[in-house]
Amino acid sequence: MADHLDAFIENLQQRIFDETREAFGEVGFQRWRNPRYRGPLDAPDSRARVTGKCGDTMQIFLKFENNRVCDAAYLTDGCGSSTVCGSLAAEMAIGKNPDELVAITGDAILEKLGRFPEEDRHCAFLAAETLQEALNRYMIDRMKTK
Ligand code: FES
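Residues numbered from 1 in each chain as written. Predicted model: local features only at pLDDT ≥ 70, side-chain atom pairs only at ≥ 80, totals over all residues. Heavy atoms only, no water.

Caption draft 1: Highlighting the overall build of the protein. Within the protein one finds five helices and three strands. Along the first, second and third principal axes, the C-alpha atoms of the protein reach 70 × 30 × 25 Å. Split into buried and exposed, the 146 residues of the protein put 42% on the buried side. Taking the contacts inside the protein whose residues are at least 6 apart along the sequence as the reference set, 57% of them involve residues at least 24 apart. On the protein, roughly 8,500 Å² of surface is accessible, and the fraction owed to carbon and sulfur atoms is 49%. One finds the centroid of the 19 positive side-chain charges in the protein at a distance of 6 Å from the centroid of its 24 negative side-chain charges. (Helix = DSSP H or I, 4+ residues; strand = E, 2+ residues; numbered from the N terminus. Buried < 20%, exposed > 50% of the residue type's maximum accessible area, 1.4 Å probe, protein only. Contact = heavy atoms within 4.5 Å. Areas by Shrake-Rupley, 256 points an atom, 1.4 Å probe, with all protein chains shown as cover. Lys, Arg positive; Asp, Glu negative; His and termini not counted. Charge placed at Lys NZ, Arg CZ, Asp CG, Glu CD.)

Encoded structure:
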């Protein structure tokens with residue numbers, strides 16, 4: 001009985017993996033399996049929280065050193081797609097200066113993914129919008145302290 005149950009669960013898990021790989025593509029699937037850069041981040045230099053039209057909320061945390069992102073993280077209460085996109089946005093931010101951060105758009109995240117379900121593409125734009133909001137706040141704080 002236990003063997004049957006184990007086989008059933010293993011089979012089900014494999015089916016979920018296959019379907020997710022098919023939907024997200026290889027890059028998205030690997031990130032879904034291992035969502036790196038999950039936050040929060042202690043004492044970030046900037047953070048932002050944006051709720052998308054879908055009702056999901058994304059948070060991005062940034063730490064800077066010498067005007068470049070030295071650490072970044074995301075948090076979301078959304079779906080697997082928003083996890084994938086938040087994780088990629090955080091990864092893409094690391095090492096970038098403000099000028100370079102501006103180039104991290106929803107399209108740039110989708111390009112990095114290569115393939116992503118049409119109905120989940122908005123998750124990439126929510127991640128990018130949140131990242132840009134965190135950058136805005138960082139720039140405003142910098143201007144205040146000058
Ligand atoms: Fe809302 Fe993914 S469905 S961010």
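Caption draft 2: Fine view of the pattern of salt bridges. In total, this model carries six salt bridges according to the counting rule given. The residue Arg-36 makes a salt bridge to Glu-91 at a minimum N-O spacing of 3.1 Å. Separated by 55 residues along the polypeptide, Arg-36 in the loop between α1 (2-33) and β1 (46-51) and Glu-91 in helix α2 (residues 80-93) bring together distant segments of the chain. Take Arg-36: its relative accessible area is 37%, and that puts it in the partly exposed class. Two residues, Arg-121 and Glu-118, come together in a salt bridge whose shortest N-O distance is 3.9 Å. Overall, the relative accessible area of 29% leaves Arg-121 in the partly exposed class. With a relative accessible area of 61%, Glu-118 lands in the exposed category. Among the charged side chains, a salt-bridge network with shared partners connects Arg-31, Arg-36 and Glu-91. (Salt bridge = Lys/Arg side-chain N within 4 Å of Asp/Glu carboxyl O.)

Caption draft 3: Broad picture of the pairing of strand β3 (residues 68-76). Where strand β2 (residues 57-65) meets β3, eight bridges bridge the pair, whose relative direction is antiparallel. Residue Phe-64 lies in a different strand from β3, and its bridge partner there is Val-69. Here β2 hands over to β3 after two residues, with Asn-66 in that stretch at a positive phi of 50 degrees. (Pairing = 2+ DSSP bridges.)

Caption draft 4: Summary view of a nonpolar patch on the surface. On the surface, a cluster of nonpolar side chains totalling about 460 Å² of accessible area is made up of Leu-5, Phe-8, Ile-9, Leu-12 and Ile-16. Mapped onto the elements of the fold, Ile-16 is located in helix α1. Judged by its relative accessible area of 40%, Ile-16 is partly exposed. (Patch = residues over 30% accessible without salt bridge, like charges linked within 9 Å, V, L, I, M, F, W, Y side chains within 5 Å.)

Caption draft 5: Summary view of the packing of α2 against helix α4 (residues 106-113). Contact geometry of α2 with α4 gives a least axis separation of 10 Å together with a crossing angle of 100 degrees. Relative to α4, α2 is oriented roughly perpendicular. On α4, the residues touching Val-84, Cys-85, Leu-88, Ala-89, Glu-91 and Met-92 of α2 are Ala-108, Ile-109, Lys-112 and Leu-113. Taken together, the residues that form the contact of α2 with α4 break down as eight nonpolar, no polar and two charged. (Axes fitted to C-alpha atoms, helices over the stretch in contact; angles between N-to-C directions. Parallel < 35°, antiparallel > 145°, perpendicular 65-115°, else oblique. Nonpolar A, V, L, I, M, F, W, Y, C, P; charged D, E, K, R; others polar.)

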